[in-house]
Amino acid sequence: MAGSAVRYLYLVRHGEALADESGLSEVGRRQAGLLGRRLAGRPISVVHHGPLARAAQTAGLIAEHLPAATVHVSDAAGDYVPYVPERAELPAGSADHFLDFLSRSEPHESGPELARQAVAAFTGPVAGDEERHELVVTHNFLIGWLVRHALDAPPWRWLGLNHANASLTVIRYAPGRPPSPLLVNDLGHLPEELRWTGFPGGYGV
């Protein structure tokens, strides 16, 4: 019966990119390798990644530690704005900030449809009797969108849910229960000097 087994969804933001975003920096490659070592003991059967080089390279370096996993490219795991809210949807105190941020983000006319596809493909319990462990190597916006979805928050609330390079987020989807975020923006696999890249200066705890 469909929807009878647990899905564990592992969400990873790509490692630090080169300045021209043509691929990973040396820091990004180190980040990806260390995350692969962390995930090596998990029963991950499939790795999905977005089509951009920084996501594809991160997925390849992680997959070296997951010999049983198949690797697939997915447009739904790409880099796009999943939802653009109207001003009236946003809290009055932060509406200007978010709208200014969105005005500086590259538009992607297929973003809302790709976000719908990502929810359909990557979330919820799975058919059959065996739990599934899936990894999606993607970008900051989609991770925020899927965390927002798991919490049943308003559509605009993907904004402000930010994730560092090579961070790990895990969501558990069990039949008959709401989704459970188990980890969000976890950086425990990285030494201090490799943490909090992908954020403006001054972030980090």
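## Considerations on the packing of aromatic side chains
Moving on, step 1. Counting across every chain of the model gives six aromatic pairs.
Moving on, step 2. Between Y83 and W145, the ring centres sit 6.2 Å apart and the planes meet at 25°, which makes this aromatic pair stacked. In this pair, Y83 is assigned in the loop between β3 (70-73) and α3 (95-103) and W145 in helix α5 (residues 140-150), connecting sequence segments 62 residues apart.
Moving on, step 3. Assessed through its relative accessible area of 24%, Y83 is described here as partly exposed.
Moving on, step 4. For W145, a relative accessible area of 10% puts it in the buried group.
Moving on, step 5. Their ring planes at 50° and their centres at 6.1 Å tell us that F98 and W156 sit as a pair that is tilted. Within this pair, whereas F98 is found in helix α3, its partner W156 is found in the loop between α5 and β5 (168-173), the two being separated by 58 residues in sequence.
Moving on, step 6. Classification of W156 by relative accessible area gives buried; the value is 13%.
Moving on, step 7. By the ring-pair criterion, three or more aromatic residues cluster together here, those being F101, F141 and W158.
Moving on, step 8. One cation-aromatic arrangement involves R148 over W145; the distance from NZ or CZ to the ring centre is 4.1 Å.

## Considering the nonpolar core
Moving on, step 1. Formed by 28 residues in total, the largest nonpolar core has its most connected members in L9, L11, F122, W145, L146 and W158.
Moving on, step 2. In terms of residue count, the dominant contributor to this core is α5 (seven residues).
Moving on, step 3. Once you skip the residues sitting within four places of it in the chain, W158 turns out to touch V81, P82, Y83, L102, F141, G144, W145 and R148.
Moving on, step 4. By size, the runner-up hydrophobic cluster in this structure holds 18 residues, among which are Y10, V12, L35 and L66.

Parameters at a glance
Residues numbered from 1 in each chain as written. Predicted model: local features only at pLDDT ≥ 70, side-chain atom pairs only at ≥ 80, totals over all residues. Heavy atoms only, no water. Phe/Tyr/Trp six-rings, centres within 6.5 Å; stacked < 30°, edge-to-face > 60°. Helix = DSSP H or I, 4+ residues; strand = E, 2+ residues; numbered from the N terminus. Buried < 20%, exposed > 50% of the residue type's maximum accessible area, 1.4 Å probe, protein only. Lys NZ or Arg CZ within 6 Å of the ring centre and 35° of its normal. Core = buried A, V, L, I, M, F, W, Y, C linked by side-chain atoms within 4.5 Å. Contact = heavy atoms within 4.5 Å.

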